[in-house]
Amino acid sequence: MLIAKNISKTFAKTNNAVSDISLSMKEGKIIGLLGVNGAGKTTTIKMLSGLLNPDTGHIFIDDIELTSQTKYLKNKLNIIPGGERNLYWRLTGRENLEYFGSLYGLRGKKCDDQINEILSTVQLINAADILVENYSKGMKQRLQIARGLINDPTYIFLDEPTLGLDILIAKEVRQHLKHLAVDKQKGILLTSHYIREVEELCDYIYVLDAGNIIFEGTPTQLNQQLTIDSDVVSLTVDDTTKIVGFFKQYVVSENELTISVESLQATLAHLSSENISVLDIKITRHTLEDSLVTLFKETAK
Ligand SMILES: Nc1ncnc2c1ncn2[C@@H]1O[C@H](COP(=O)(O)OP(=O)(O)OP(=O)(O)O)[C@@H](O)[C@H]1O
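Residues numbered from 1 in each chain as written. Predicted model: local features only at pLDDT ≥ 70, side-chain atom pairs only at ≥ 80, totals over all residues.

### Some thoughts on the sheet that holds strand β8 (residues 187-191)
At step 1: Pairing in this open sheet of six strands is mixed, and the strands run β6-β7-β8-β3-β9-β10 from one edge to the other. Strands at the two margins of the open sheet, each flanked by one partner only, are β6 (77-81) and β10 (212-217). When strand polarity is set aside, the average angle formed by the axes of neighbouring strands in this sheet is 20 degrees.
At step 2: In terms of strand pairing, strand β9 (residues 204-209) meets β10 through five bridges, oriented antiparallel. Its bridge partner lying in β10, Tyr206 is registered against Glu216.
At step 3: Packed on one face of the sheet, helix α5 (residues 137-148) meets β6 and β7 (155-159) and runs near 165 degrees to β6. (Pairing = 2+ DSSP bridges. Helix = DSSP H or I, 4+ residues; strand = E, 2+ residues; numbered from the N terminus. Axes fitted to C-alpha atoms, helices over the stretch in contact; angles between N-to-C directions. Contact = placed C-beta atoms within 7 Å.)

### A look at helix α1 (residues 41-48)
Note: α-helices contain 3.6 residues per turn, so residues at a spacing of three or four share the same orientation.
At step 1: Extensive coverage of α1 is indicated by the burial of six of its eight residues.
At step 2: Directly after α1, the chain includes Gly50, whose backbone phi takes a positive value near 85 degrees. (Buried ≥ 20, exposed ≤ 12 C-beta atoms within 10 Å, placed from the backbone.)

### Quick word on the pairing of strand β14 (residues 278-284)
Across a regular strand the side chains alternate sides, sitting on one face of the sheet and then on the other.
At step 1: When you tally the buried positions in β14, you get zero out of seven residues, a small fraction of the element.
At step 2: As judged from the six bridges shared by strand β11 (residues 232-237) and β14, these two strands associate in the antiparallel manner. By the bridge assignment for β14, Leu235 is matched with Ile281.

### Section: unusual backbone geometry
At step 1: A positive phi angle is found at Asp152, which is not glycine, with a value near 50 degrees.
At step 2: As for its placement among the helices and strands, Asp152 is situated in the loop between α5 and β7.
At step 3: By the C-beta count within 10 Å, which is 15 here, Asp152 ends up partly exposed.
At step 4: For Glu160, which is not a glycine, the phi torsion comes out positive at approximately 50 degrees.
At step 5: For Glu160, a count of 18 C-beta atoms within 10 Å translates into the label partly exposed.

### Focus on the domain arrangement of the chain
At step 1: Taken domain by domain, the chain comprises domain 1 (2-225) and domain 2 (232-285).
At step 2: Of note, the centres of domain 1 and domain 2, computed from C-alpha atoms alone, are 48 Å apart. (Domains from an automatic or database assignment.)

### So, the environment of Ala17
At step 1: Looking at the element boundaries, Ala17 is found in strand β2 (residues 16-25).
At step 2: Take Ala17: there are 22 C-beta atoms within 10 Å of it, and that puts it in the buried class.
At step 3: In sequence terms Ala17 and Val232 are 215 residues apart; their C-alpha atoms lie 39 Å from each other.
At step 4: Among residues more than four places away in sequence, those in contact with Ala17 are Lys9, Thr10, Phe11, Gly40, Thr43 and Gly211.

### Points about the site of the ligand
At step 1: Neighbouring the ligand are eleven residues, the closest being Phe11, Ala17, Asn37, Thr42 and Thr43.
At step 2: The dominant element in the shell around the ligand, judged by the number of residues it contributes, is α1, at three residues.
At step 3: Residues of the shell around the ligand, tallied by class, amount to three nonpolar, seven polar and one charged. (Near = placed C-beta within 6 Å. Nonpolar A, V, L, I, M, F, W, Y, C, P; charged D, E, K, R; others polar.)

Written out as C-alpha coordinates, the structure reads:
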(Lines give C-alpha, C1' and ligand atoms only; values in the text may rest on other atoms or scores of the structure.)
Protein backbone atom coordinates (compact mmCIF):
# COMPACT_ATOMS: atom_id res chain seq x y z
CA MET A 1 0.00 0.00 0.00
CA LEU A 2 1.18 3.55 -0.77
CA ILE A 3 0.15 6.13 1.80
CA ALA A 4 0.72 9.89 1.62
CA LYS A 5 0.16 11.71 4.90
CA ASN A 6 -0.34 15.48 5.05
CA ILE A 7 1.90 16.32 2.08
CA SER A 8 2.33 19.93 0.88
CA LYS A 9 4.31 21.70 -1.81
CA THR A 10 4.85 25.40 -2.38
CA PHE A 11 6.75 26.81 -5.35
CA ALA A 12 8.41 30.22 -5.29
CA LYS A 13 5.89 32.93 -6.17
CA THR A 14 2.89 30.57 -5.90
CA ASN A 15 0.52 29.87 -3.07
CA ASN A 16 0.46 26.29 -1.92
CA ALA A 17 0.35 24.14 -5.06
CA VAL A 18 -0.60 21.23 -2.79
CA SER A 19 -1.75 21.88 0.72
CA ASP A 20 -1.66 19.24 3.46
CA ILE A 21 -3.34 16.38 1.59
CA SER A 22 -3.50 12.69 2.47
CA LEU A 23 -4.29 9.85 0.10
CA SER A 24 -3.59 6.19 -0.51
CA MET A 25 -3.23 3.67 -3.34
CA LYS A 26 -3.77 -0.08 -3.24
CA GLU A 27 -2.54 -2.86 -5.50
CA GLY A 28 -5.20 -3.86 -8.04
CA LYS A 29 -7.13 -0.58 -7.76
CA ILE A 30 -7.35 2.45 -10.05
CA ILE A 31 -7.47 5.84 -8.34
CA GLY A 32 -8.56 9.01 -10.15
CA LEU A 33 -7.12 12.43 -9.32
CA LEU A 34 -9.45 15.12 -10.62
CA GLY A 35 -9.47 18.87 -10.59
CA VAL A 36 -9.53 21.94 -12.80
CA ASN A 37 -6.34 23.33 -14.39
CA GLY A 38 -3.78 24.29 -11.77
CA ALA A 39 -5.52 22.34 -8.98
CA GLY A 40 -2.28 20.54 -8.08
CA LYS A 41 -2.68 17.14 -9.79
CA THR A 42 0.70 16.99 -11.54
CA THR A 43 2.52 18.26 -8.46
CA THR A 44 0.82 15.52 -6.41
CA ILE A 45 1.80 12.82 -8.93
CA LYS A 46 5.39 14.07 -8.96
CA MET A 47 5.55 13.84 -5.16
CA LEU A 48 3.93 10.39 -5.01
CA SER A 49 6.28 9.04 -7.66
CA GLY A 50 9.39 10.41 -5.96
CA LEU A 51 10.23 13.03 -8.63
CA LEU A 52 9.61 15.90 -6.22
CA ASN A 53 10.10 15.98 -2.45
CA PRO A 54 7.16 17.30 -0.44
CA ASP A 55 7.90 20.34 1.77
CA THR A 56 6.00 18.73 4.61
CA GLY A 57 4.38 15.36 5.26
CA HIS A 58 5.42 11.80 4.54
CA ILE A 59 4.92 9.17 1.83
CA PHE A 60 5.20 5.51 2.75
CA ILE A 61 5.31 2.42 0.55
CA ASP A 62 4.79 -0.74 2.59
CA ASP A 63 5.76 1.29 5.67
CA ILE A 64 9.08 2.47 4.17
CA GLU A 65 9.44 6.22 3.74
CA LEU A 66 9.77 7.23 0.07
CA THR A 67 12.45 9.86 0.73
CA SER A 68 14.80 7.06 1.77
CA GLN A 69 15.04 6.43 -2.03
CA THR A 70 16.16 2.84 -1.66
CA LYS A 71 16.53 0.67 -4.76
CA TYR A 72 13.58 -1.34 -3.46
CA LEU A 73 11.37 1.74 -3.65
CA LYS A 74 12.73 2.86 -7.03
CA ASN A 75 11.58 -0.44 -8.45
CA LYS A 76 8.14 -0.08 -6.91
CA LEU A 77 7.18 3.06 -8.88
CA ASN A 78 6.99 4.40 -12.39
CA ILE A 79 5.34 7.32 -14.09
CA ILE A 80 3.80 7.15 -17.58
CA PRO A 81 3.49 10.49 -19.33
CA GLY A 82 0.69 11.09 -21.83
CA GLY A 83 1.53 11.83 -25.48
CA GLU A 84 4.67 10.98 -27.35
CA ARG A 85 7.29 12.63 -25.15
CA ASN A 86 10.42 10.77 -24.04
CA LEU A 87 10.37 8.07 -26.71
CA TYR A 88 13.20 7.73 -29.20
CA TRP A 89 11.62 7.71 -32.64
CA ARG A 90 14.72 6.54 -34.49
CA LEU A 91 14.98 3.44 -32.36
CA THR A 92 12.68 0.44 -32.49
CA GLY A 93 10.19 -0.26 -29.72
CA ARG A 94 12.47 -2.98 -28.38
CA GLU A 95 15.57 -0.72 -28.49
CA ASN A 96 13.66 1.95 -26.57
CA LEU A 97 12.82 -0.57 -23.86
CA GLU A 98 16.41 -1.87 -23.77
CA TYR A 99 17.61 1.68 -23.17
CA PHE A 100 15.05 2.41 -20.41
CA GLY A 101 15.73 -1.03 -18.89
CA SER A 102 19.45 -0.23 -18.72
CA LEU A 103 18.60 2.79 -16.55
CA TYR A 104 17.28 0.29 -14.00
CA GLY A 105 20.34 -1.93 -14.37
CA LEU A 106 18.52 -4.52 -16.50
CA ARG A 107 20.67 -6.37 -19.00
CA GLY A 108 21.28 -9.75 -20.56
CA LYS A 109 18.71 -12.54 -20.67
CA LYS A 110 16.70 -11.18 -17.75
CA CYS A 111 16.27 -7.90 -19.66
CA ASP A 112 15.33 -9.70 -22.92
CA ASP A 113 12.75 -11.86 -21.15
CA GLN A 114 11.23 -8.90 -19.32
CA ILE A 115 10.99 -6.86 -22.52
CA ASN A 116 9.34 -9.72 -24.41
CA GLU A 117 6.80 -10.16 -21.63
CA ILE A 118 5.99 -6.44 -21.51
CA LEU A 119 5.73 -6.20 -25.30
CA SER A 120 3.24 -9.07 -25.21
CA THR A 121 1.26 -7.38 -22.42
CA VAL A 122 0.83 -4.21 -24.49
CA GLN A 123 0.39 -6.22 -27.71
CA LEU A 124 3.44 -4.79 -29.46
CA ILE A 125 5.44 -8.00 -29.74
CA ASN A 126 4.88 -8.17 -33.51
CA ALA A 127 5.94 -4.53 -33.93
CA ALA A 128 8.91 -4.75 -31.55
CA ASP A 129 11.54 -4.34 -34.26
CA ILE A 130 9.88 -1.51 -36.19
CA LEU A 131 11.17 2.06 -35.77
CA VAL A 132 8.94 4.06 -33.43
CA GLU A 133 8.61 6.79 -36.07
CA ASN A 134 6.50 4.30 -38.01
CA TYR A 135 4.20 3.52 -35.07
CA SER A 136 0.61 4.81 -34.95
CA LYS A 137 -0.40 7.11 -32.07
CA GLY A 138 -2.00 4.20 -30.23
CA MET A 139 1.14 2.09 -30.62
CA LYS A 140 3.27 4.95 -29.28
CA GLN A 141 1.00 5.31 -26.25
CA ARG A 142 1.17 1.55 -25.67
CA LEU A 143 4.97 1.80 -25.88
CA GLN A 144 4.79 4.55 -23.23
CA ILE A 145 2.88 2.11 -21.04
CA ALA A 146 5.49 -0.57 -21.79
CA ARG A 147 8.19 1.89 -20.78
CA GLY A 148 6.40 2.50 -17.50
CA LEU A 149 6.34 -1.26 -16.85
CA ILE A 150 10.06 -1.83 -17.53
CA ASN A 151 11.01 -1.95 -13.84
CA ASP A 152 7.93 -4.09 -13.03
CA PRO A 153 6.54 -1.38 -10.74
CA THR A 154 3.76 -2.04 -8.24
CA TYR A 155 2.44 1.53 -8.50
CA ILE A 156 1.98 3.39 -11.77
CA PHE A 157 1.16 7.07 -12.23
CA LEU A 158 -0.40 8.36 -15.43
CA ASP A 159 -0.90 12.02 -16.30
CA GLU A 160 -3.71 12.30 -18.88
CA PRO A 161 -3.12 8.87 -20.47
CA THR A 162 -5.56 9.36 -23.35
CA LEU A 163 -5.06 13.06 -24.09
CA GLY A 164 -5.25 13.69 -27.83
CA LEU A 165 -6.05 10.08 -28.73
CA ASP A 166 -9.05 9.24 -30.91
CA ILE A 167 -11.93 7.33 -29.31
CA LEU A 168 -10.84 3.92 -30.56
CA ILE A 169 -7.24 4.26 -29.40
CA ALA A 170 -8.35 5.81 -26.10
CA LYS A 171 -10.61 2.80 -25.53
CA GLU A 172 -7.71 0.46 -26.28
CA VAL A 173 -5.50 2.30 -23.75
CA ARG A 174 -8.28 2.14 -21.11
CA GLN A 175 -8.59 -1.61 -21.65
CA HIS A 176 -4.83 -1.97 -21.07
CA LEU A 177 -5.04 0.03 -17.85
CA LYS A 178 -7.93 -2.10 -16.57
CA HIS A 179 -5.97 -5.24 -17.47
CA LEU A 180 -2.91 -3.96 -15.57
CA ALA A 181 -4.99 -3.33 -12.44
CA VAL A 182 -7.21 -6.39 -12.50
CA ASP A 183 -4.92 -9.07 -13.96
CA LYS A 184 -1.48 -7.76 -13.03
CA GLN A 185 -2.54 -6.26 -9.66
CA LYS A 186 -0.84 -2.92 -10.32
CA GLY A 187 -1.93 0.05 -8.23
CA ILE A 188 -2.74 2.85 -10.69
CA LEU A 189 -3.29 6.55 -10.15
CA LEU A 190 -4.36 8.65 -13.11
CA THR A 191 -5.31 12.22 -13.82
CA SER A 192 -7.85 12.86 -16.52
CA HIS A 193 -10.08 15.63 -17.74
CA TYR A 194 -12.32 13.02 -19.39
CA ILE A 195 -14.98 12.35 -16.80
CA ARG A 196 -16.39 9.36 -18.68
CA GLU A 197 -12.94 7.78 -18.51
CA VAL A 198 -12.81 8.31 -14.77
CA GLU A 199 -16.30 6.84 -14.33
CA GLU A 200 -15.35 3.81 -16.41
CA LEU A 201 -11.97 3.11 -14.82
CA CYS A 202 -11.70 4.43 -11.29
CA ASP A 203 -12.54 2.54 -8.13
CA TYR A 204 -11.99 5.64 -6.00
CA ILE A 205 -11.46 9.33 -6.72
CA TYR A 206 -9.86 12.34 -5.06
CA VAL A 207 -10.99 15.77 -6.22
CA LEU A 208 -8.45 18.57 -5.81
CA ASP A 209 -9.22 22.27 -5.78
CA ALA A 210 -6.50 24.90 -5.22
CA GLY A 211 -4.25 22.24 -3.68
CA ASN A 212 -6.87 20.86 -1.24
CA ILE A 213 -8.83 17.63 -1.42
CA ILE A 214 -12.46 18.68 -1.54
CA PHE A 215 -13.89 15.19 -2.04
CA GLU A 216 -12.78 11.59 -1.80
CA GLY A 217 -14.86 8.48 -2.37
CA THR A 218 -16.24 6.30 -5.12
CA PRO A 219 -17.82 7.95 -8.18
CA THR A 220 -21.20 6.67 -6.89
CA GLN A 221 -20.63 8.26 -3.48
CA LEU A 222 -19.87 11.59 -5.18
CA ASN A 223 -23.18 11.41 -7.01
CA GLN A 224 -25.02 10.45 -3.81
CA GLN A 225 -23.36 12.98 -1.53
CA LEU A 226 -24.23 16.03 -3.57
CA THR A 227 -27.70 17.42 -3.29
CA ILE A 228 -28.38 17.49 -6.99
CA ASP A 229 -31.72 16.56 -8.49
CA SER A 230 -32.28 12.85 -8.93
CA ASP A 231 -32.45 11.21 -12.34
CA VAL A 232 -35.25 12.57 -14.49
CA VAL A 233 -37.89 10.70 -16.52
CA SER A 234 -39.68 12.16 -19.53
CA LEU A 235 -42.96 10.51 -20.47
CA THR A 236 -44.58 11.15 -23.81
CA VAL A 237 -48.34 10.70 -23.37
CA ASP A 238 -51.30 10.88 -25.76
CA ASP A 239 -53.16 13.57 -23.84
CA THR A 240 -51.69 16.07 -21.39
CA THR A 241 -54.88 18.09 -20.92
CA LYS A 242 -56.23 15.61 -18.36
CA ILE A 243 -53.07 15.60 -16.29
CA VAL A 244 -52.50 19.32 -15.89
CA GLY A 245 -53.66 20.02 -12.36
CA PHE A 246 -52.74 16.60 -11.06
CA PHE A 247 -49.05 17.10 -11.66
CA LYS A 248 -48.52 20.73 -10.75
CA GLN A 249 -45.09 19.96 -9.36
CA TYR A 250 -43.86 18.50 -12.64
CA VAL A 251 -42.98 20.11 -15.91
CA VAL A 252 -45.50 19.54 -18.68
CA SER A 253 -44.78 20.72 -22.20
CA GLU A 254 -46.50 19.75 -25.44
CA ASN A 255 -47.29 16.09 -24.84
CA GLU A 256 -44.29 15.50 -22.61
CA LEU A 257 -44.38 15.12 -18.84
CA THR A 258 -41.09 15.41 -16.95
CA ILE A 259 -40.92 13.89 -13.47
CA SER A 260 -38.31 12.73 -10.98
CA VAL A 261 -37.46 9.04 -11.16
CA GLU A 262 -38.76 8.40 -7.61
CA SER A 263 -42.28 9.33 -8.67
CA LEU A 264 -42.35 7.04 -11.72
CA GLN A 265 -44.43 4.22 -10.20
CA ALA A 266 -47.10 6.52 -8.71
CA THR A 267 -47.24 8.55 -11.91
CA LEU A 268 -47.72 5.50 -14.14
CA ALA A 269 -50.48 4.25 -11.81
CA HIS A 270 -52.22 7.61 -11.99
CA LEU A 271 -51.93 7.86 -15.78
CA SER A 272 -53.38 4.37 -16.10
CA SER A 273 -56.32 5.23 -13.83
CA GLU A 274 -56.99 8.28 -16.05
CA ASN A 275 -56.78 6.13 -19.21
CA ILE A 276 -53.86 8.17 -20.51
CA SER A 277 -51.51 6.17 -22.73
CA VAL A 278 -47.75 6.42 -22.37
CA LEU A 279 -46.19 6.48 -25.86
CA ASP A 280 -42.52 6.79 -24.90
CA ILE A 281 -40.28 6.85 -21.81
CA LYS A 282 -36.85 8.48 -21.65
CA ILE A 283 -34.58 8.48 -18.57
CA THR A 284 -31.88 11.12 -18.20
CA ARG A 285 -29.34 10.03 -15.62
CA HIS A 286 -27.16 12.44 -13.72
CA THR A 287 -23.53 11.90 -14.56
CA LEU A 288 -20.33 12.24 -12.58
CA GLU A 289 -19.71 15.36 -14.64
CA ASP A 290 -22.92 16.94 -13.27
CA SER A 291 -21.80 16.09 -9.73
CA LEU A 292 -18.32 17.53 -10.25
CA VAL A 293 -19.69 20.76 -11.68
CA THR A 294 -21.97 21.05 -8.62
CA LEU A 295 -19.01 20.31 -6.32
CA PHE A 296 -16.80 22.98 -7.91
CA LYS A 297 -19.64 25.53 -7.77
CA GLU A 298 -20.33 24.76 -4.10
CA THR A 299 -16.62 25.03 -3.24
CA ALA A 300 -16.36 28.40 -5.03
CA LYS A 301 -19.23 29.90 -2.93
N1 LIG B 1 7.75 24.13 -11.28
C2 LIG B 1 6.84 25.02 -10.88
N3 LIG B 1 7.19 26.27 -10.53
C4 LIG B 1 6.28 27.18 -10.10
N5 LIG B 1 4.96 26.93 -9.99
C6 LIG B 1 4.54 25.69 -10.34
C7 LIG B 1 5.43 24.68 -10.81
N8 LIG B 1 4.71 23.55 -11.08
C9 LIG B 1 3.43 23.85 -10.79
N10 LIG B 1 3.32 25.12 -10.35
C11 LIG B 1 2.08 25.80 -9.92
O12 LIG B 1 1.46 24.97 -8.96
C13 LIG B 1 0.04 24.95 -9.15
C14 LIG B 1 -0.43 23.52 -9.41
O15 LIG B 1 0.06 23.09 -10.69
P16 LIG B 1 -0.12 21.60 -11.24
O17 LIG B 1 0.63 21.53 -12.52
O18 LIG B 1 0.21 20.65 -10.18
O19 LIG B 1 -1.70 21.59 -11.52
P20 LIG B 1 -2.57 20.57 -12.40
O21 LIG B 1 -3.78 20.29 -11.58
O22 LIG B 1 -1.74 19.43 -12.82
O23 LIG B 1 -2.97 21.47 -13.64
P24 LIG B 1 -3.26 21.05 -15.19
O25 LIG B 1 -4.56 20.31 -15.19
O26 LIG B 1 -3.35 22.38 -15.85
O27 LIG B 1 -2.09 20.24 -15.65
C28 LIG B 1 -0.24 25.92 -10.30
O29 LIG B 1 -0.54 27.19 -9.74
C30 LIG B 1 1.08 25.95 -11.05
O31 LIG B 1 1.24 27.19 -11.70
